[in-house]
Amino acid sequence: MKYYNVNGIKFGLNYQFPDYLDDNIEEYETDECEVNHYIETKIVDSISIPSDLPKIKFNNREVYVDDDKERVYIYDKGFPILMIETDVEFTRSVLSLVKDTKGSSEMEYVYTGIMFMELCLYHSIQSLHGSAISYNNQAIIFSGPSGTGKSTHVEYWKELEPLIEIINDDKPLLNLKGDQIMVSGSPWSGKTKVNMNTSLPLHSIVFLEQGTANKIEVLSEDEKAIQIMRNINRPRQDELWDKVSDIIEYMIQEIPMYKASVKNDIEAAVAVRNKLGV
């Protein structure tokens, strides 16, 4: 098992497949140290189905909750192919994958990422679905549903400013420190695997949508709240909501946010940059 430090969270991680984490996570590796959290993948022959009734059942998932742990089962064609088991303090999170399951490497990357994002919530760190860039020693996040052109829009910004770097291309981490929100990278950054081990103050958030003209609007606090709730990793437990309520409230009250209905061209990046005043 190796040890990593991501945005101040130190944890041990043992993964099985190199496809997504090799040549990606090394930047976060640290010397062996005392940690309070472990994430581990196990390859198993089969996964037993519990005899008791699940607390939650939706689509292909079942969630079982005991006093001190939670188990999530993922099914394919009626059979469990994956199980996640965590305790309430995220001391040890175990991902069990049935061997020879199709797409196992991607599943490991996706679900260890989910496990890590849950650990972030436990440490009062919120993730936001979007692509975060560094610009003039600040972070700007372009958020929105998959397929809205976030990564493409960022590439236009990089054409305008070649020194721009991507902090995280999928789920940047947000941490309230004093009177500012810091944006950090992590090795879980979508299929592009583009990320940096850095932390910069958040300048603004732009919620993108495709349009036939470049129209950028400043959001009200009510509109900010709607967009934030659509795009954050929403906690499933009340205790985790309590841990991130301050950062969500601060974002809504203090961080400039915009809705940008834009075309797929470099002029869209120019228009957004001008509106942000950066």
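Before any of the text, the structure's been laid out above.
All values derive from a computational prediction rather than experimental measurement.

Asker: Is there a simple way to think about the layout of surface pockets in this case?
Answerer: Picture a little ball the size of a water molecule; that probe, rolled over the atoms, points out where space is still empty. Of the pockets and cavities examined, the largest pocket occupies roughly 1200 Å³. What lines the largest pocket is a set of 44 residues, among which V110, I114, D170, K171 and N233 lie closest to the centre. Elements represented by at least two residues in the lining of the largest pocket include exactly strand 6 (61-65), strand 7 (69-76), strand 8 (79-87), helix 2 (104-122), helix 3 (150-160) and helix 4 (221-231). Per element, the largest residue contribution to the lining of the largest pocket is nine residues, and it comes from helix 2. Roughly 220 Å³ of volume is contained in the second largest pocket. D87, V88, F90, Q237 and E239 are the residues nearest the centre of the second largest pocket, which is lined by 14 residues in total. Contributing elements (two or more residues each) for the lining of the second largest pocket: strand 7, strand 8 and helix 5 (238-254). A per-element tally of the lining of the second largest pocket places helix 5 first, with three residues.

Asker: Just checking my understanding: could you explain the pattern of salt bridges for this structure?
Answerer: Where side chains of opposite charge bring their charged atoms close, a pairing between them can arise. Overall, the coordinates contain twelve salt bridges when judged by the stated rule. As a salt-bridge pair, R71 and D66 come within 3.6 Å of each other at their nearest N and O atoms. A residue is classified by how much of its surface remains accessible, and R71, at 14% relative accessible area, is buried. Of the residues examined, D66 reaches a relative accessible area of 32% and is grouped as partly exposed. For the salt bridge of E217 with K215, the shortest nitrogen-to-oxygen distance reads 3.3 Å. Given a relative accessible area of 29%, E217 falls into the partly exposed group. K215 sits in the exposed class, given a relative accessible area of 51%. One connected set of salt bridges, linked through shared partners, spans E70, E118 and R236.

Asker: Sorry if this is basic, but what is going on with the environment of I133 here?
Answerer: By the element assignment, I133 lies in strand 11 (residues 130-135). Looking at I133, the relative accessible area reads 0%, which means it is buried. Taking the C-alpha atoms as reference points, I133 and E267, 134 residues apart in sequence, are found 18 Å from one another. If we skip the residues at most four places from it in the chain, I133 touches Q138, A139, I140, F142, V154, W157, I164, E165, I166 and I167.

About the criteria used
Residues numbered from 1 in each chain as written. Predicted model: local features only at pLDDT ≥ 70, side-chain atom pairs only at ≥ 80, totals over all residues. Heavy atoms only, no water. 1 Å grid on protein atoms, 1.4 Å probe; cavity = no way out; pocket = protein on both sides within 12 Å on 5 of 7 lines; lining within 4 Å. Points joined across faces, edges and corners; volume = space filled by probe spheres on them. Helix = DSSP H or I, 4+ residues; strand = E, 2+ residues; numbered from the N terminus. Salt bridge = Lys/Arg side-chain N within 4 Å of Asp/Glu carboxyl O. Buried < 20%, exposed > 50% of the residue type's maximum accessible area, 1.4 Å probe, protein only. Contact = heavy atoms within 4.5 Å.

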